[in-house]
Amino acid sequence: MTEYAVLRMGDPQLHRVAEPVTRFDDPALPALIEQMFAIMRVERGVGLAAPQIGVSLRVVVFAYASRADFPDCETLPPTVLINPLVEAVGEEYQEAWEGCLSVPDMRGLVPRLRRIRYQARDAAGTPFERNAHGFHARVVQHECDHLDGILYPQRIRDLRTFGFLEELAGSGRLTHGALPCEDRY
Ligand code: NI
C-alpha cells in the first residue's frame, strides 16, 4: 500500500464538498477504491470516504462483520458507493454512538434517520438502489456526510454526549447500539 494519512478533524479538506466522479474508465478509480478498502481494514474502520484521505471525490466504501456481542450492528458486505444520493424514508430518527477515523479516540451520540433509500454507482459505474435501516442506514449517512464536508460532531444534539471513548466506556455511558470500541466509522 502506498503512503497514506487519514486526515483528522481540524483539517479544512474534511469540510469541502467533494466532486462527483465523471470517468469510470479512469484507472485511478479502482486503485483509489482498493486503497480505501486496505486503509479501512488496517484502521479497523466500518467505512471510509475519499475526502478522509485527501481525495475530494464522491466515493465511499464500507464493510462490517457482525459480532454476537453487538447484535445491533449487522454484517455489511463490502460495498462501494460512487456519487451516492440518500433520501429519507419516513421521518423517524434514532440515536446511537458513532466514532470516526478522522476523530480518533472519541465517540458521540448522533441522531440519524432510521430508514433511508439510497442510490449510487458501483465501481464499474453501474447504478443501483437499496433500502436500509438501523446500522446500515447509519453507516451510509455517516459516510455520505463526509462527501458534503460534515463530520459527526456537527450532528450531535447535546455536546455532553460527545467525549473520549475511554471516559464514556469507563463510566458505562456507551449504550444505544454502540459499536465495539475498536471499530470506527
Ligand atoms: Ni467518519
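Residues numbered from 1 in each chain as written. Predicted model: local features only at pLDDT ≥ 70, side-chain atom pairs only at ≥ 80, totals over all residues. Heavy atoms only, no water.

*Asks:* Help me understand the coordination of the nickel ion in this model?
*Replies:* Working reference: metal with six octahedral donors, ideal angles 90 or 180 degrees; metal with four tetrahedral donors, ideal angle 109.5 degrees. Ligation of the nickel ion by protein atoms is provided by Cys100 (SG), His142 (NE2) and His146 (NE2), these donors lying 2.1 to 2.3 Å from the ion. Summarised as a motif, the one-chain spacing of the donors to the nickel ion is C-x41-H-x3-H. Of the two residues, histidine 142 and histidine 146 are both situated in helix α2 (residues 134–147); the distance of four residues between them amounts to about one turn of the helix. According to the relative accessible area criterion, histidine 146 is buried, its value standing at 1%. (Donors = N, O, S within 2.8 Å, 3.2 Å for Na, K, Ca; no water. Helix = DSSP H or I, 4+ residues; strand = E, 2+ residues; numbered from the N terminus. Buried < 20%, exposed > 50% of the residue type's maximum accessible area, 1.4 Å probe, protein only.)

*Asks:* Explain the pairing of strand β2 (residues 59–64) here, please?
*Replies:* A regular strand places its side chains on the two faces of the sheet in alternate fashion. For β2, the buried fraction is high: six of the six residues fall into the buried class. Neither face of β2 is left uncovered, since the one carrying Val59, Val61 and Ala63 and the one carrying Val60, Phe62 and Tyr64 both have all their residues buried. As paired strands, strand β1 (residues 47–49) and β2 are joined by three bridges and run antiparallel to one another. Counted as the bridge partner of glycine 47 is phenylalanine 62 from β2. Where β2 lies against strand β3 (residues 76–88), five bridges are found, and the strand directions are antiparallel. (Pairing = 2+ DSSP bridges.)

*Asks:* Explain the sheet that holds β1 here, please?
*Replies:* Where strands meet in a sheet, backbone hydrogen bonds hold them as pairs that are either parallel or antiparallel. If you walk across this open sheet you meet the five strands as β1-β2-β3-β6-β7, and the pairing is antiparallel. The open sheet has two edge strands with one neighbour each: β1 and β7 (127–133). Direction aside, neighbouring strands of the sheet carry axes that sit 40° apart on average. Pairing analysis gives seven bridges linking strand β6 (residues 115–121) to β7, with the strands arranged antiparallel. Its bridge partner lying in β7, arginine 121 is registered against proline 127. Sheet strands in contact with α2 are β1, β2, β3, β6 and β7, and its direction is about 70° off that of β3. (Axes fitted to C-alpha atoms, helices over the stretch in contact; angles between N-to-C directions. Contact = heavy atoms within 4.5 Å.)

*Asks:* Please explain the pattern of salt bridges as it appears in this structure.
*Replies:* Two side chains bearing opposite charge may form a pair once their charged atoms approach each other closely. Counted by the stated rule, this structure contains ten salt bridges. Of the charged contacts, one joins arginine 112 and glutamate 98 as a salt bridge, the two residues approaching to 2.8 Å between their closest N and O atoms. Separated by 14 residues along the polypeptide, arginine 112 in strand β5 (residues 103–113) and glutamate 98 in strand β4 (residues 93–100) bring together distant segments of the chain. Pair check on accessibility: arginine 112 and glutamate 98 agree, each one buried. Salt-bridge contacts for aspartate 145 lead to arginine 155; the nearest nitrogen and oxygen are separated by 2.8 Å. Taken together, the residues span a long stretch of sequence, with aspartate 145 in helix α2 and arginine 155 in the loop between α2 and β8 (162–164) at a distance of ten residues. (Salt bridge = Lys/Arg side-chain N within 4 Å of Asp/Glu carboxyl O.)

*Asks:* How do you make sense of α2 when you look at a structure like this?
*Replies:* Helical geometry note: an α-helix holds 3.6 residues per turn, so side chains three or four residues apart project in the same direction. Here α2 spans 21 Å end to end across 14 residues, near enough to the 20 Å set by a 1.5 Å rise per residue. Directly after α2, the chain includes glycine 149, whose backbone phi takes a positive value near 75°. (Expected span 1.5 Å × (residues − 1).)

*Asks:* What is the right way to look at unusual backbone geometry in this model?
*Replies:* Across the chain, the bulk of peptide bonds are trans and the bulk of non-glycine residues have phi less than zero. Although it is not a glycine, asparagine 83 sits at a positive phi angle of roughly 50°. Assignment of secondary structure puts asparagine 83 in strand β3. The exposure class assigned to asparagine 83 is partly exposed, which follows from its relative accessible area of 21%. A positive phi angle, close to 70°, is found at aspartate 105, a residue other than glycine.

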